[in-house]
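Chain residues, written in single-letter form:
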Amino acid sequence: MLDFFTIFSKGGIVLWCFQGTGVTESFTGPVNALIRSVILQERSGNNSYTHDAMSLKYKLDNEFELVFVVGFQKILTLTYVDKFIDDVQLHFRDRYKNELEQKGALALLNSHFAFEDDFKLLLREAEESSKARGPTSMRSFNASLKSQKTVKSMIETKGGDKGKEQGGKKNKNAKKEAPAAEPMKGEKAKAPASVQKTVENDNQGMTQEEIIQKKREEFIRKRMGAPVEKPSKSPKPAKEKPKGKEKRVWTLGGCSTKELDYSQSNGNGAHAAGDQGLDAQADPGLQLSSMKGDLLAVDYESSEGDEEMEVEEEDVVKRVVVADTSKKIPKKGAFGGMFGMLKGLVGSKSLSQEDMEPVLDKMRDHLIAKNVAAEIASQLCDSVAKKLEGKVMGTFTTVASTVKGALQDSLVQILQPKRRMDILRDVLDARTQRRPFVITFCGVNGVGKSTNLAKISFWLIENGITVLIAACDTFRAGAVEQLRTHQRRLNSLHPPQDHGGRPVVQLYEKGYGKDAAGIAMEAIAYARNQAFDVVLVDTAGRMQDNTPLMTALAKLIAVNMPDLVLFVGEALVGNEAVDQLVKFNQALADHSMSDKPRLIDGIVLTKFDTIDDKVGAAISMTYITGQPIVFVGTGQTYNDLRSLNARAVVGALMKA
């Protein structure tokens with residue numbers, strides 16, 4: 001039934017393996033895929049993995065740094081596998097504990113693990129137990145609990161038993177008789193009710209103990225005959241006079257009316273004719289800094305300030321503790337104070353799920369508050385729990401610090417790219433092959449595809465690369481005009497006379513209502529003939545549920561086979577990021593015409609300057625696709641383009 005079972009260390013040393021009878025194919029491919037896609041990428045929240053026709057179950061032993069993997073055909077339903085892999089792990093640990101405690105790879109290589117007889121015995125017991133637990137036969141009616149009930153017991157009365165009904169009637173009559181026994185005047189009856197309402201309003205914001213103490217004091221005053229204090233109304237704050245509206249000063253709008261006076265220019269449009277050449281000189285916002293070489297990484301300037309705040313908070317806590325010691329407190333023994341200081345520390349014990357559960361719950365809520373999708377936050381915490389379960393802690397280490405450190409390492413590992421992402425090098429490699437490097441941008445509506453395409457164009461131009469922009473958004477009104485404006489601005493920053501009389505950016509457009517895939521194909525052919533280095537394909541924004549538009553996008557990518565497919569997403573989204581990326585990838589896979597469809601290769605994260613430290617969308621997008629974040633948009637100017645700094649993002653994510 002089982003195809004293979006293997007036990008190996010996290011260092012890659014195979015300690016023991018088993019291959020089923022009649023199985024000729026090697027199991028190295030599925031196991032390597034499991035290591036590459038799950039274990040190294042910190043995605044071990046779920047203990048199962050599917051590779052082609054194989055289904056793999058695995059278990060991590062964190063104390064001895066071992067991995068147990070069992071593989072079987074995906075079409076089989078083996079109910080005993082989970083218990084079987086647990087039994088094998090415990091048996092293997094107990095038998096070879098002395099060999100496993102020896103540190104170093106050489107000690108493991110020199111050790112001999114003869115485990116085949118024990119393994120077959122455990123496998124036979126597991127298979128027999130699954131057969132013994134087979135499908136149970138249906139009970140007869142006479143053997144069921146329903147046959148023992150009478151018809152009278154199954155009849156439900158509306159008010160329950162008669163005794164209860166009578167009791168209920170008695171209670172109602174007692175309630176009716178109570179007001180008759182003690183008649184009260186209308187004015188006196190209304191007064192306590194109003195007092196009670198004010199008291200209830202006055203009790204808001206008080207703890208249960210404070211309310212009880214307050215009621216006791218009122219009761220004692222009534223018994224002693226003291227007048228009841230009326231709850232004082234809180235004074236209303238004085239209304240501040242509304243301030244007048246302050247004038248907004250636009251940075252690029254000019255400070256005086258003289259700057260806005262164009263009466264001295266020619267009326268026949270002579271002034272407007274030189275706009276294209278004077279854009280960079282007249283507009284101070286276009287005096288941009290150089291972006292040659294690799295992009296700067298995203299960084300958080302507030303990290304130092306946060307550390308200072310944490311230090312100040314610690315000092316405040318210490319001062320409070322010192323001040324509290326001046327009060328008279330019952331003396332404790334010397335050992336009691338010492339043990340109080342060491343409370344919460346763990347000394348050489350192995351972590352269990354119960355130890356980590358409270359900390360992981362807080363971490364999960366913290367990640368969700370930082371805009372990580374709820375599903376992704378749960379999977380991350382489950383992965384950390386499996387990674388740490390059974391791990392022996394140091395002497396002076398708390399559970400919270402250990403879990404937080406493991407979660408930080410997992411997040412950094414997720415954000416770091418699995419493969420090399422060097423676009424400048426890839427462009428130069430395509431230039432040697434005399435073909436353009438094609439990048440396609442896709443995403444939902446309004447996320448900033450055209451704006452960030454212009455930023456990437458500026459970065460490429462700064463590095464001496466010529467760019468052709470393909471206007472394949474033939475649906476949105478003004479999309480072509482927006483790209484034409486960016487092309488004019490970029491050419492004014494890098495005039496053609498500085499580049500041998502050739503414009504460094506050109507726009508290839510065919511208007512509106514045309515086939516986007518055809519325009520992209522013509523643009524790539526034009527770029528090849530005119531020796532452009534890069535083609536940037538701008539596509540129309542589309543929602544992930546719009547099937548016709550998703551089919552058109554899949555056709556564009558399948559026909560033109562771009563070198564890079566970038567998904568443009570907002571940093572503002574939370575759970576929606578998961579839905580967008582899953583459905584975009586699914587649509588590209590479903591509507592592709594090849595066995596190996598082109599999926600999303602990277603992510604452009606926009607509007608990163610608007611979220612402060614709520615950077616969870618970066619984790620959600622990278623975790624879902626397994627692809628890196630290539631560019632990060634941090635503003636509106638051409639200079640506001642960065643690369644992702646994984647440690648800075650994780651630091652902002654873990655900040656309280």
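Residues numbered from 1 in each chain as written. Predicted model: local features only at pLDDT ≥ 70, side-chain atom pairs only at ≥ 80, totals over all residues. Heavy atoms only, no water.

1. Some words on the overall build of the chain
For step 1, the next point in the chain: Summing up its helical and strand segments, the chain has 24 helices and 15 strands in all.
For step 2, the next point in the chain: Here the chain holds 656 residues, and 37% of them are scored as buried.
For step 3, the next point in the chain: In the chain, the proportion of contacts linking residues at least 24 apart, taken out of those at least 6 apart, comes to 74%.
For step 4, the next point in the chain: Carbon and sulfur atoms form 53% of the exposed surface of the chain, whose accessible area is close to 40900 Å². (Helix = DSSP H or I, 4+ residues; strand = E, 2+ residues; numbered from the N terminus. Buried < 20%, exposed > 50% of the residue type's maximum accessible area, 1.4 Å probe, protein only. Contact = heavy atoms within 4.5 Å. Areas by Shrake-Rupley, 256 points an atom, 1.4 Å probe, with all protein chains shown as cover.)

2. A few points about the packing of helix H15 (residues 374-388) against helix H23 (residues 616-625)
For step 1, the next point in the chain: Remark: H15 packs on H23, axes separated minimally by 10 Å, with the N-to-C direction vectors making an angle of 70 degrees. Taken together, H15 and H23 sit at an angle that is classed as roughly perpendicular. Seen from H15, the contacting residues are Ile-376, Gln-379 and Leu-380; seen from H23, they are Ile-619, Ser-620, Tyr-623 and Ile-624.
For step 2, the next point in the chain: Residues of the contact of H15 with H23, tallied by class, amount to five nonpolar, two polar and no charged. (Axes fitted to C-alpha atoms, helices over the stretch in contact; angles between N-to-C directions. Parallel < 35°, antiparallel > 145°, perpendicular 65-115°, else oblique. Nonpolar A, V, L, I, M, F, W, Y, C, P; charged D, E, K, R; others polar.)

3. Considerations on the nonpolar core
For step 1, the next point in the chain: If you look at the biggest cluster of nonpolar residues, it comprises 114 residues, and the most contacted ones within it are Leu-380, Val-403, Ile-423, Trp-459, Leu-460, Phe-608 and Phe-631.
For step 2, the next point in the chain: With eight residues, helix H16 (residues 399-415) is the single largest residue contributor to this core.
For step 3, the next point in the chain: Ranked by size, the runner-up nonpolar core spans 28 residues in total, among them Leu-2, Leu-15, Phe-68 and Ala-126. (Core = buried A, V, L, I, M, F, W, Y, C linked by side-chain atoms within 4.5 Å.)

4. Looking at the sheet that holds strand S1 (residues 4-9)
For step 1, the next point in the chain: Spatially, five strands are ordered S2-S1-S5-S4-S3 in an open sheet, and the strand pairing comes out antiparallel. Because the sheet does not close on itself, it has two edges, and the strands there are strand S2 (14-19) and strand S3 (48-51). Recorded for the sheet is a direction-independent mean angle of 20 degrees between the axes of neighbouring strands.
For step 2, the next point in the chain: Relative to S2, S1 is paired through five bridges, and the arrangement is antiparallel. By the bridge assignment, Thr-6 is partnered in S2 with Cys-17.
For step 3, the next point in the chain: Most of the contacts of helix H1 (residues 28-39) go to S3, to which it runs at about 125 degrees, and overall it touches S1, S3, strand S4 (54-61) and strand S5 (66-73). (Pairing = 2+ DSSP bridges.)

5. Quick look at the side chain of Thr-402
For step 1, the next point in the chain: You can see Thr-402 is positioned in helix H16.
For step 2, the next point in the chain: Each residue touching Thr-402, except ones within four places of it in the same chain, is listed here: Leu-351, Leu-388, Met-393 and Thr-397.

6. Some thoughts on the pattern of salt bridges
For step 1, the next point in the chain: Under the definition given, this model contains 21 salt bridges.
For step 2, the next point in the chain: Asp-118 is the salt-bridge partner of Arg-95, the closest N and O atoms lying 1.9 Å from each other. Pair noted here: Arg-95 is in helix H2 (residues 81-95) and Asp-118 is in helix H5 (residues 116-132), with a separation of 23 residues, a long-range link.
For step 3, the next point in the chain: Judged by its relative accessible area of 42%, Arg-95 is partly exposed. (Salt bridge = Lys/Arg side-chain N within 4 Å of Asp/Glu carboxyl O.)

7. Topic: helix H19 (residues 479-493)
For step 1, the next point in the chain: Taking 1.5 Å per residue, 15 residues should reach 21 Å; H19 reaches 22 Å between its end C-alpha atoms and fits that length.
For step 2, the next point in the chain: When H19 is considered as a whole, its buried residues turn out to be Ala-479, Val-480, Leu-483, His-486, Gln-487, Leu-490, Asn-491 and Ser-492. (Expected span 1.5 Å × (residues − 1).)

8. Focus on the environment of Asp-86
For step 1, the next point in the chain: Its place among the elements puts Asp-86 in helix H2.
For step 2, the next point in the chain: Of the residues examined, Asp-86 reaches a relative accessible area of 31% and is grouped as partly exposed.
For step 3, the next point in the chain: Through-space distance from the C-alpha of Asp-86 to that of Phe-68 is 9.1 Å; in sequence the pair is 18 residues apart.

9. Topic: empty space enclosed by the protein
For step 1, the next point in the chain: What the rule picks out here adds up to one cavity of 30 Å³ or more.
For step 2, the next point in the chain: Reported here for the largest cavity is a volume of approximately 30 Å³.
For step 3, the next point in the chain: Around the largest cavity, the lining residues are Gln-41, Ile-414, Gln-416, Pro-417, Lys-418, Thr-622, Gly-626, Gln-627 and Pro-628.
For step 4, the next point in the chain: Its residues placed into classes, the lining of the largest cavity shows three nonpolar, five polar and one charged. (1 Å grid on protein atoms, 1.4 Å probe; cavity = no way out; pocket = protein on both sides within 12 Å on 5 of 7 lines; lining within 4 Å. Points joined across faces, edges and corners; volume = space filled by probe spheres on them.)

10. Some points on unusual backbone geometry
For step 1, the next point in the chain: A positive phi angle, close to 55 degrees, is found at Asp-52, a residue other than glycine.
For step 2, the next point in the chain: By the element assignment, Asp-52 lies in the loop between S3 and S4.
For step 3, the next point in the chain: Given the relative accessible area of 63%, Asp-52 is considered exposed.
For step 4, the next point in the chain: Unlike most non-glycine residues, Glu-65 shows phi in positive territory, near 60 degrees.
For step 5, the next point in the chain: Locating Glu-65 in the fold gives a position in the loop between S4 and S5.
For step 6, the next point in the chain: In this structure Glu-65 comes out as partly exposed when scored by relative accessible area, which is 35%.

11. Considering the sheet that holds strand S9 (residues 467-472)
For step 1, the next point in the chain: Taken in spatial order, the eight strands line up as S10-S9-S11-S8-S12-S13-S14-S15 in an open sheet, and their pairing is mixed. Of all strands in the sheet, those with a lone pairing partner are strand S10 (505-508) and strand S15 (641-642), marking the two edges.
For step 2, the next point in the chain: Bridging between strand S12 (residues 564-570) and strand S13 (residues 602-606) involves five bridges; their strand directions are parallel. Bridging across to S13, Val-568 finds its partner in Val-604.
For step 3, the next point in the chain: Its contacts with the sheet place helix H21 (residues 547-560) against strand S8 (437-443), S9, strand S11 (534-539) and S12, and it is angled at close to 165 degrees to S11.
For step 4, the next point in the chain: Lying on the sheet, H23 is in contact with S12, S13 and strand S14 (629-633); it crosses S13 at an angle near 165 degrees.

12. A few points about the packing of aromatic side chains
For step 1, the next point in the chain: The final tally for this structure, using the stated rule, is 19 aromatic pairs.
For step 2, the next point in the chain: Aromatic side chains Phe-4 and Phe-27 sit 4.8 Å apart centroid to centroid with 15 degrees between the ring planes, which places their arrangement in the stacked category. Taken together, the residues Phe-4 in strand S1 and Phe-27 in the loop between S2 and H1 connect sequence positions 23 residues apart. Taken as a pair, Phe-4 and Phe-27 share a single burial class, namely buried. (Phe/Tyr/Trp six-rings, centres within 6.5 Å; stacked < 30°, edge-to-face > 60°.)

13. Observations regarding the pairing of S8
Each regular strand shows side chains that alternate between the opposite faces of the sheet.
For step 1, the next point in the chain: Of all seven residues in S8, seven are buried, a share of seventy percent or more.
For step 2, the next point in the chain: Of the two faces of S8, the one lined by Phe-437, Ile-439, Phe-441 and Gly-443 and the one lined by Val-438, Thr-440 and Cys-442 are each fully buried.
For step 3, the next point in the chain: The pairing of S8 with S12 spans five bridges and is classified as parallel. Looking at the pairing, Cys-442 lines up with Phe-567 of S12.

14. Focus on the confidence of the model for the chain
For step 1, the next point in the chain: Averaged over the chain, the pLDDT score is 77; the fraction of residues at 70 or greater is 73%.
For step 2, the next point in the chain: This model gives residues 265-282 a pLDDT under 50, and the stretch forms 13 contacts once residues within four places in sequence are excluded.
For step 3, the next point in the chain: Note on residues 301-346: pLDDT is under 50 here. Beyond four places in sequence and across chains, it has 14 contacts. (pLDDT = per-residue confidence, 0-100.)

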